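Overview (structure and organization)
Here are the chains, one letter per residue:
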Amino acid sequence: MAAMKILTSTGLFLAFCALGLLAMAICTDYWYETDARRHRERCKNYANKRNDPGYIYISNLPLRMPPNDSNRKGKGVSVEALPRAKRHFLASASAMESHCSRQFNSTISGLWRKCHREGFDLETEDLIYKGLIQRCTPVKYHYSSSTLPRNLPVNITKTIRQDEWHALHLRRMTAGFIGMAVSIILFGWIIGVLGCCKQHDLMQYVAGLLFLMGGTCCIISLCTCVAGINFELSRYPRYMYGLPEDISHGYGWSMFCAWGGLGLTLLAGFLCTLAPSLNSPRTMVHKPRQENGTV
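What you see is a predicted model, and the numbers here were worked out from it, not measured in a lab.

This chain's UniProt record puts "transmembrane region" (unreviewed entry) on residues 177-197, 209-231 and 251-274. The span residues 209-231 shows a helical share of 100% and a strand share of 0%, and its end C-alpha atoms are spaced 33 Å apart.

A separate point is the packing of helix H1 (residues 2-27) against helix H9 (residues 253-274). Closest axis-to-axis distance for the H1/H9 pair is 7 Å, and the angle between their directions is 160°. In terms of orientation, H1 lies roughly antiparallel with respect to H9. Crossing angle aside, the handedness with which H1 passes H9 is left-handed. Grouping the constituent residues of the contact of H1 with H9 by class yields 19 nonpolar, 7 polar and no charged.

This next bit is on the side chain of His-116. Mapped onto the elements of the fold, His-116 is located in strand E3 (residues 113-116). Excluding residues that lie within four positions of it along the chain, His-116 makes contacts with Asn-105, Ser-106, Thr-107, Thr-124, Ile-128, Ile-133, Gln-134 and Arg-135.

Before going further, it helps to spend a moment on the pairing of strand E1 (residues 32-35). Two faces, one strand: in a regular strand the side chains alternate between the faces of the sheet. Here E1 shows a buried face lined by Tyr-32 and Thr-34 and a second buried face lined by Glu-33 and Asp-35. Pairing of E1 with strand E2 (residues 107-109) involves 2 bridges; the strand directions are antiparallel. Looking at the pairing, Glu-33 lines up with Ile-108 of E2. The pairing of E1 with strand E5 (residues 248-251) spans 4 bridges and is classified as antiparallel. Residue pairing for E5: Asp-35 is matched across the bridge by Ser-248.

Moving on: the pattern of salt bridges. By the definition in use, this model includes 8 salt bridges. As a salt-bridge pair, Arg-117 and Glu-33 come within 3.8 Å of each other at their nearest N and O atoms. Placement of the pair is Arg-117 in the loop between E3 and helix H5 (122-130) and Glu-33 in strand E1, with a sequence separation of 84 residues. For the residue pair Arg-117 and Glu-33, the accessibility class agrees, reading buried in each case. Linking Arg-171 and Glu-232 is a salt bridge whose minimum nitrogen-to-oxygen distance equals 3.5 Å. Residue Arg-171 is found in helix H6 (residues 154-198), and its partner Glu-232 is found in helix H7 (residues 201-233); the two are separated by 61 residues along the sequence. Salt bridges linked by common partners bring Glu-164, Arg-171, Glu-232 and Arg-235 together as one network.

What follows deals with the sheet that holds E1. Taken in spatial order, the 5 strands make up an open sheet running E4-E3-E2-E1-E5, and their pairing is antiparallel. Only two strands of the sheet have a single neighbouring strand rather than two, namely strand E4 (136-138) and E5. Here the average twist between neighbouring strands, direction ignored, is 15°. Note that E3 and E4 share 3 bridges and pair antiparallel. When the bridges of E4 are listed, Cys-115 appears paired with Cys-136.

So, how was this worked out
Residues numbered from 1 in each chain as written. Predicted model: local features only at pLDDT ≥ 70, side-chain atom pairs only at ≥ 80, totals over all residues. Heavy atoms only, no water. UniProt positions renumbered as here; feature names shortened; annotations may be inferred. Helix = DSSP H or I, 4+ residues; strand = E, 2+ residues; numbered from the N terminus. Axes fitted to C-alpha atoms, helices over the stretch in contact; angles between N-to-C directions. Parallel < 35°, antiparallel > 145°, perpendicular 65-115°, else oblique. Left-handed = near helix turned anticlockwise from the far one by under 90°. Nonpolar A, V, L, I, M, F, W, Y, C, P; charged D, E, K, R; others polar. Contact = heavy atoms within 4.5 Å. Buried < 20%, exposed > 50% of the residue type's maximum accessible area, 1.4 Å probe, protein only. Pairing = 2+ DSSP bridges. Salt bridge = Lys/Arg side-chain N within 4 Å of Asp/Glu carboxyl O.

As structure tokens, then:
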């Protein structure tokens, strides 16, 4: 009996801690973070280099006459080496221009809004201070054609529309399943507390099953969230939705709180379903049956 009470109390305490972690993860915005300071610094240096009068960039004319074939062979230089190096230079320069044409900001994202990180981009902070842009924008859970880019070919626009529907479906699944998980865990915690007060083994067992069910919903939500983030980074066209290599990005502490809540929930469900099996069986006292008025 004492072991059953200890396991049940421990399971209910872990479930309560899991509810706190999940509530903290839902209410905060640090699920996914990006840091674009290095990229913005590279783009500033590249722009200053392009504005330098001593910098000459001519894509179709060489800066000097190429050497003769005899000189190339004498020096051991391949005939195809210089055009290959020129193509590599032009490709890297055009890639830098395409990345710098988009403005990347350091942001944090949650289930409900996406915000600019405070103190990371001075230019963005100045625009926020002047009221030209907002610090946070809400995450949309409904389809809106106003978010689609304009002046694109029909096939690309159709692909973007389909990807937008798919990303919206993943976001809805993430928010919906984690809400279901919190509701089921809270309901199971209430049943478990009532079972402890009334010393009802069946109620404690049901509470453990509800904890396991809530953990399953939490697993679906977190896996869908990770799939949604990876899908957003791999959307087509890449120059509109992809991130350059010099932008660091990753999961924030809100995501780790959600995973911690998941682990505590599963552990609480295991303890609460195990506790009733440790209860010692009650001995039944058989009373003699009266027959013909005699005992």
